[in-house]
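Examining the three-dimensional arrangement
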Amino acid sequence: MFGSLVKAAALGALTLLLGASTTVQAKANGIDTDVHSLRAFTLELPYVDEGFQMRNYDFGGDAIVNTLSRIRLTPDLQSRMGWVWSTTPLPDDYWKVEFEIKVGGKGGYLYGDGMGFFVTKERASPGPVFGNRDYFHGLGVLFDTYPNGKHDFSTPFVMGMIGDGKTAYDGAHDGDANRLGMCEAYFRNLNNPTKVAVTYYKGRFVNVQIQLQPKDKWINCFTINNATLPTGSYLGFTALTGDISDNHDLISVRAETLRSEALENYNFSPDMGVPAAPTISGASFLGTVVKLLLVVGVCVGAFVGYRKYSADSARRF
């Protein structure tokens, strides 16, 4: 019976060893159990529940929820403003938000103004910064389609800023005084929605990447290093039109975070596309293997000793 128990223990240890190897392989294939979906921030068709309520988000202004296709933050009409804001804050240490937008309208040469992605201490406070309040405290990623001043880059463009709650947005110069990163990206009047991924790691970076169309490569738009956002910041999407206009549509949103232990192994490279999930370190895997081999060795040694003891006892009788 003891021999059977030893064999079972050895088999169990071998199974754990194979399981650890499978876990590493799964992580290498992009399947990471350390990644957790933040379902409270998911927005997808039909956007509302059975009671026709939008869970975990509020919307207002001129925003209209079309349960068959989109959330239209503003129509292609002058002087409109719309917003969607989460009712709970994002995690403080790490998050990644991927969303789809569609911007366009009838204007051939003049159109605007644009829309914004915000993670700020304040929420649902409309204003002149693409539908959000000025003097906000937190992150703003702005999708600007109309140039208010002369620049050495073209529009549309995407820019990032971190508001301190005290400094105004430099709207007269398209945020020149606030801009911490930017890229040109022609996301207007495309056939399909544009995907955007914003990743935040507290004290490390904010990274913004864009996939203009489904078959396009992801563009590393910009990275803001050493970024720290306010604790308890809410997620918001806003849009604004003035004398010129566009449709500004939000199509979908999903978010994820990581276990705090996994952040120690976070491996980020903006040149590799959308920031990858952490991978288990070689040292951790090697340590696991050594421990399991020791368990197997102890079991085998015990089994050999038991067999020898049984043989000696049989010779005595």
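Read on for an overview of the structure. (Residues numbered from 1 in each chain as written. Predicted model: local features only at pLDDT ≥ 70, side-chain atom pairs only at ≥ 80, totals over all residues. Heavy atoms only, no water.)

**Looking at the environment of D164**
- Within the element layout of this structure, D164 appears in strand 9 (residues 157–164).
- For D164 and Y135, which are 29 residues apart along the polypeptide, the C-alpha to C-alpha distance reads 7.2 Å.
- Excluding residues that lie within four positions of it along the chain, D164 makes contacts with F136 and H137.
- Side-chain polar atoms of D164 contact the backbone nitrogen of K166, separated by 2.8 Å.
- Reaching out from D164, the side chain makes a polar contact with the backbone nitrogen of T167 at a distance of 2.8 Å. (Helix = DSSP H or I, 4+ residues; strand = E, 2+ residues; numbered from the N terminus. Contact = heavy atoms within 4.5 Å. Polar contact = N/O pair within 3.5 Å; in protein donor to acceptor, adjacent residues only side chain to side chain.)

**Considerations on the side chain of D249**
- Positionally, D249 belongs in strand 15 (residues 247–258).
- The buried category is assigned to D249, whose relative accessible area is 5%.
- Dropping the residues within four chain positions of it, D249 is found in contact with R70, I71, R72, E100, I101, K102 and M115. (Buried < 20%, exposed > 50% of the residue type's maximum accessible area, 1.4 Å probe, protein only.)

**Observations concerning empty space enclosed by the protein**
- By the definition in use, this model includes one cavity of 30 Å³ or more.
- The wall of the largest cavity is formed by L90, P91, D92, W95, V119, Y200, L229, P230, G232 and S233.
- Classifying every residue of the lining of the largest cavity gives seven nonpolar, two polar and one charged. (1 Å grid on protein atoms, 1.4 Å probe; cavity = no way out; pocket = protein on both sides within 12 Å on 5 of 7 lines; lining within 4 Å. Points joined across faces, edges and corners; volume = space filled by probe spheres on them. Nonpolar A, V, L, I, M, F, W, Y, C, P; charged D, E, K, R; others polar.)

**Re the environment of P230**
- Mapped onto the secondary structure, P230 falls in the loop between strand 13 (219–225) and strand 14 (234–240).
- On the accessibility criterion, P230 (16% relative accessible area) is buried.
- Separated by 108 residues in the primary sequence, P230 and E122 have C-alpha atoms spaced 10.0 Å apart.
- Excluding anything up to four places from it in sequence, P230 contacts D92, K121, H137 and G138.

**A short note on the sheet that holds strand 14**
- With respect to topology, seven strands assemble into an open sheet ordered 2-5-14-7-8-9-10, the strand pairing being antiparallel. For this open sheet the edge positions go to strand 2 (57–61) and strand 10 (181–184), each flanked by a neighbour on one side alone. In this sheet, neighbouring strand axes are inclined to one another by 15° on average, regardless of whether the strands run parallel or antiparallel.
- Across five bridges, the pairing between strand 2 and strand 5 (residues 81–86) is antiparallel. Note that in strand 5 the partner of G61 across the bridge is G82. (Pairing = 2+ DSSP bridges. Axes fitted to C-alpha atoms, helices over the stretch in contact; angles between N-to-C directions.)

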